[in-house]
Every structure is written in structure tokens, then in C-alpha cells.
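Structural features, examined
As a plain string of letters, each chain reads:
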There are 2 protein chains.
Amino acid sequence: MAHWKIVLEYDGTDFSGWQLQPNGRTVQQELERSLQQITGSAVRVAGGGRTDAGVHARGQVATFSCEKALTPEELRRALNGVLPEDVVVHEATLIDDRFHARFSAVARNYEYTIAVGPTAIDRRTAWSCPYRLDADVLRRCADRVLGEHDFLSFAKVGSDVEHGRCIVTRSVWVMTDRRWVYQVRSNRFLYGMVRALVGTMVDMARGYRQEADWDAMMASNDRRKAGTAAPACGLCLVSIEY
Amino acid sequence: MAHWKIVLEYDGTDFSGWQLQPNGRTVQQELERSLQQITGSAVRVAGGGRTDAGVHARGQVATFSCEKALTPEELRRALNGVLPEDVVVHEATLIDDRFHARFSAVARNYEYTIAVGPTAIDRRTAWSCPYRLDADVLRRCADRVLGEHDFLSFAKVGSDVEHGRCIVTRSVWVMTDRRWVYQVRSNRFLYGMVRALVGTMVDMARGYRQEADWDAMMASNDRRKAGTAAPACGLCLVSIEY
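Residues numbered from 1 in each chain as written. Chains lettered and ligands numbered in written order. Predicted model: local features only at pLDDT ≥ 70, side-chain atom pairs only at ≥ 80, totals over all residues. Heavy atoms only, no water.

**What to know about the layout of surface pockets**
Roughly 1300 Å³ of volume is contained in the largest pocket. Lining the largest pocket we find 39 residues, and of these Asp122, Arg178 and Arg179 of chain A together with Asp122 and Arg178 of chain B sit closest to its centre. Counting only elements with at least two residues in the lining of the largest pocket, the list comes to β3 (56-66), β5 (107-116), β9 (179-186) and β10 (235-241) of chain A together with β3 (56-66), β5 (107-116) and β9 (179-186) of chain B. Among the residues making up the lining of the largest pocket, the classes are represented as 11 nonpolar, 12 polar and 16 charged. (1 Å grid on protein atoms, 1.4 Å probe; cavity = no way out; pocket = protein on both sides within 12 Å on 5 of 7 lines; lining within 4 Å. Points joined across faces, edges and corners; volume = space filled by probe spheres on them. Helix = DSSP H or I, 4+ residues; strand = E, 2+ residues; numbered from the N terminus. Nonpolar A, V, L, I, M, F, W, Y, C, P; charged D, E, K, R; others polar.)

So this is what it looks like as C-alpha cells:
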């Protein structure tokens, strides 16, 4: 059995997220269907980062084992030939079979894009945030995220995790005239964490909540204390590091 | 009568171009329909740059006159409230009635985006060019475009123009790992010119045609001598200068 690592890009708009579901079109499903078509046998795929419905990826990673003898370039081309137009494979590599897309990861990078003002061209990949935001507040909030903290207050209710501690090694807003992009890197992310962080930062930057509440909110470990999740369309899984 | 200038962005994917047509959804049609809905009377709109089916705009300009008394901010909001999600208005300004979106323009800026490798997220706004391209050839071709030339060889057959002379004041490829973007500025553009220029540059950069043919091709004034037009999806009207 050959063990493979592939790097994927997808437009999450028309997907019910990464993970297989009884109902709803998912990226994992399209990928497993394509691999079955190419190899002739059922293939189970592991994803490096679970993305929600509507969330995009430029650097999702998947691992799987299959029988068929193909070179990496042949597999990449074969997949791009059968995958739908909203998923593409950028790289395929043969890899040690102890390597696992999810468990071998040491860090993940996400970006959240806010469009300044309305947008037509980027309406699928940016949140056209209707509020006037204070850039300095966003920057100070991002600084508070940096470092090792318990992020349970930002984890979707019902997410089943042992603990909420994450080590955030990048947390910064990169701002141009048209786009404000939040870049965040962490050893792990809780379910729904980036969207909850952005939603909370936006609540503070538009003056709806006080910045001074941040520490108490973090300490509460209560998702209801943080802000509404920012819309899925603005979020993108940029890369996974191993 | 109040005379207005508005700046528009649109995702051209689902439009049969800017200009009114007997059949097919166009941006002008959506804009005139929206203005009629707001003002209660028929409004005829002039566009600053005619864009083809599938071509996008971040800075299209339109001018029109109408009766209804609104402030610029009220008109902008009213339009964004009734326009479909693939068109937005960024600015609305009251302007002298001698100002015309098309005839007052002194320069236009276009960008053509090539995705390096396949792409899912940007498949509507970039040409995922299947060839391996020589960056140096593209750069040298762009240099040849710069200056005052007769561009009839790059004008769509059947386009009815008095002459083909354009003064190109910017013609450059801006290249990153993922995207190669051709930026071009000219006092005027012939119909289909940017896509024909990009298609011809790509033919040369992939080794399908000789760079040495450029001058003879320009001098021929024969559209059949230039390359196939690059796909519409990669093209964007960035701004119009007055």
C-alpha cells in the first residue's frame, strides 16, 4: 500500500464543510469519490483541519493509503481531472505511513478577510462587514490573543475537547485600503475558534463591547461570554505545518 | 435634473457584459432597472468602459441624470439595497452635466490575472493557464506594448473604430508565487484589446510563437495575425481616470 499526502485548495461556498456527512456535499466525500474512481477501490481519507460549511482552504492537507501504482504527478493530474471545479490538488507526495494529516500537524495558519465596504467580486471570500471598525482596537485585541491561553470561551458549544489550551504564535491584522485580513497561527485550534475571535474583536472595534472585558471573557471559559461568530465566507485555512 | 457619477464594482461571471442587449442579463440593465425602482422614472445610463461577458470591474464608472432629490450617500445606499449581490456601488457624486462617463475619460486601467497552476477559489477571477510560461518573455512583450502604437491587430474583428492608435502608459507584469498579473493603462482601448494582448503574450511565453514576430504582427493591422484572446474571467476594469 502506498501512503500519500496531498495539499488541496477549495472554494467552500457550495460545501457543507470538509467532513463526511449523511446529507450534504462535503470535500472529503468528493475526494473519496474521486480516489475510488481512480483506484477502483474504496479509500478513506484523513483531513488535517476540519473546516465548517462555507469555509475555504488554500492549504488543506489530506492523507490516505491506496493500492494503485501512480507517480505523484500522475495522481495529482488524475485527481484534478475528476474532482469538481471547486476543489483542486496542488501537490501529491508519497510519505511515510506514520504521517497523519491531523495528528502529525504542529501548527495551522488561518486567515479571516473583512472587506472594507460592500464587495461584489469577493463576496464569497470576504465578510463585507457593515460596521465602521476602529483599526487600533482590532490590533490591540489581536495582541491579546497571542501566546498560550485557554480558548474555551471561543470554542463552539458542544465541541468535545479535552482542554482549551492553545499556543498562538501569530495574531495580526494586515490592513490595506480594501481588505483587513486577520492572520493567526496556532499549534491547535478549537472548533469555531477563529470565527468567534474575529466576531468578538469586531464587536469591540465597532464599540458594541468594551475592550476591558477581554480578560474576564477569556477567563470565563463560557462561549456565551464571547461574541457572535463572524460569517464562514471570510475564513480560509491557509496552511498546515508538520 | 441632477447629474450623477457613480463608481461600480461587479462580478462579471453571470453577466452578458456591461451593455444592454435584447437577450441576456447585463450590468447596464440591472443598473437602469434599479434606478427606475428608486426614482420612479426611466433612466438612461452611460458607462465608462464597455466590458464583455464574463469580464469584471472594480472601478467601472457610470453617469446619468435623474429627477429625484437624494444626497449622494442616500443614492449609494438605495442602489446597494436594490442591486443584485454581484453589483455594488462604491461612490456616488453629483457632477457637472457636461461630464460623461465615457467621453470625459482620459485613461483606463485594466488588470489581467493568470493563476499559476490550477485554482478553485479564484476560478471566476483568474485564468488558470495550463501552459508553462517564461516570465522573461512576458516581461519583454509587455515592454513592446508600452508607448504609442496602432493596436488594430488586437481589436476584435467587426469593431467599428476610426483608428487604432492608443498611448499605453503602463504595461507591466506583477508576479508573485501564485498569481501573475498584467497591469495596463492607456488613453483608450480597442474592443477586445487586453485579452488579445494577453493571449498573444502567452503564445510567445509558452514557445508556441516567436517573440521576433511581434513587430510584423503589430504592423499588419490584421487581427488574425495576433493570438487567441485570453479567457474573459481573468480580466478586470480597475479604474477610469478623468
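**Concerning the pairing of β9 of chain B**
The side chains of a regular strand alternate, first on one face of the sheet and then on the other. Residues and elements named next belong to chain B. Along β9, 7 of the 8 residues are buried, which leaves the element largely enclosed by surrounding structure. By the bridge criterion, 8 bridges tie β5 to β9 in an arrangement that is antiparallel. Its bridge partner being in β9, Arg108 is matched across the sheet by Ser186. (Buried < 20%, exposed > 50% of the residue type's maximum accessible area, 1.4 Å probe, protein only. Pairing = 2+ DSSP bridges.)

**A look at the pattern of salt bridges**
For the coordinates displayed, the defined rule picks out 44 salt bridges over all chains. A salt bridge links Arg206 of chain B to Asp203 of chain B; the shortest N-O distance between them is 3.8 Å. Judged by its relative accessible area of 30%, Arg206 of chain B is partly exposed. Through salt bridges with shared partners, a single ionic network connects Asp11 and Glu85 of chain A together with Arg123 and Arg124 of chain B. (Salt bridge = Lys/Arg side-chain N within 4 Å of Asp/Glu carboxyl O.)

**Remarks on the relation of the copies chain B and chain A**
Of the transformation placing chain B onto chain A, the axial shift is 0.0 Å and the rotation is 180°, giving an RMSD of 0.0 Å. With respect to symmetry, the two chain copies, as superposed, fit the operation of a two-fold axis. Closest approach to the rotation axis among the C-alpha atoms of chain B is made by Asp122 of chain B, whose C-alpha sits 4.7 Å away. Interface residue correspondence from chain B to chain A reaches 100%, placing this contact among same-surface, isologous pairings. (Least-squares fit on C-alpha atoms with pLDDT ≥ 70 in both. Contact = heavy atoms within 4.5 Å.)

**Some thoughts on the domain arrangement of chain A**
All names here are of chain A. Taken domain by domain, chain A comprises domain 1 (2-94) and domain 2 (107-241). Distance between the C-alpha centres of domain 1 and domain 2: 27 Å. Contact with domain 1, which involves 16 residues of that partner, is made by 16 residues of domain 2. Together, the buried faces of domain 1 and domain 2 total about 1300 Å²; carbon and sulfur atoms form 52% of this surface. Broken down residue by residue, the surface that domain 1 buries against domain 2 is led by Asp52, His56 and Arg58, which jointly contribute 41%. One can count 3 salt bridges joining domain 1 with domain 2. Notably, a salt bridge pairs Asp52 with Arg195, separated by 3.4 Å at the nearest N-O pair. Inspection of the domain 1/domain 2 interface yields 11 residue pairs in polar contact (both at pLDDT 80 or more). Grouping the amino acids of the side of domain 1 that touches domain 2 by side-chain chemistry returns 4 nonpolar, 8 polar and 4 charged. (Domains from an automatic or database assignment. Buried area = accessible area lost by both parts, 1.4 Å probe. Polar contact = N/O pair within 3.5 Å; in protein donor to acceptor, adjacent residues only side chain to side chain.)

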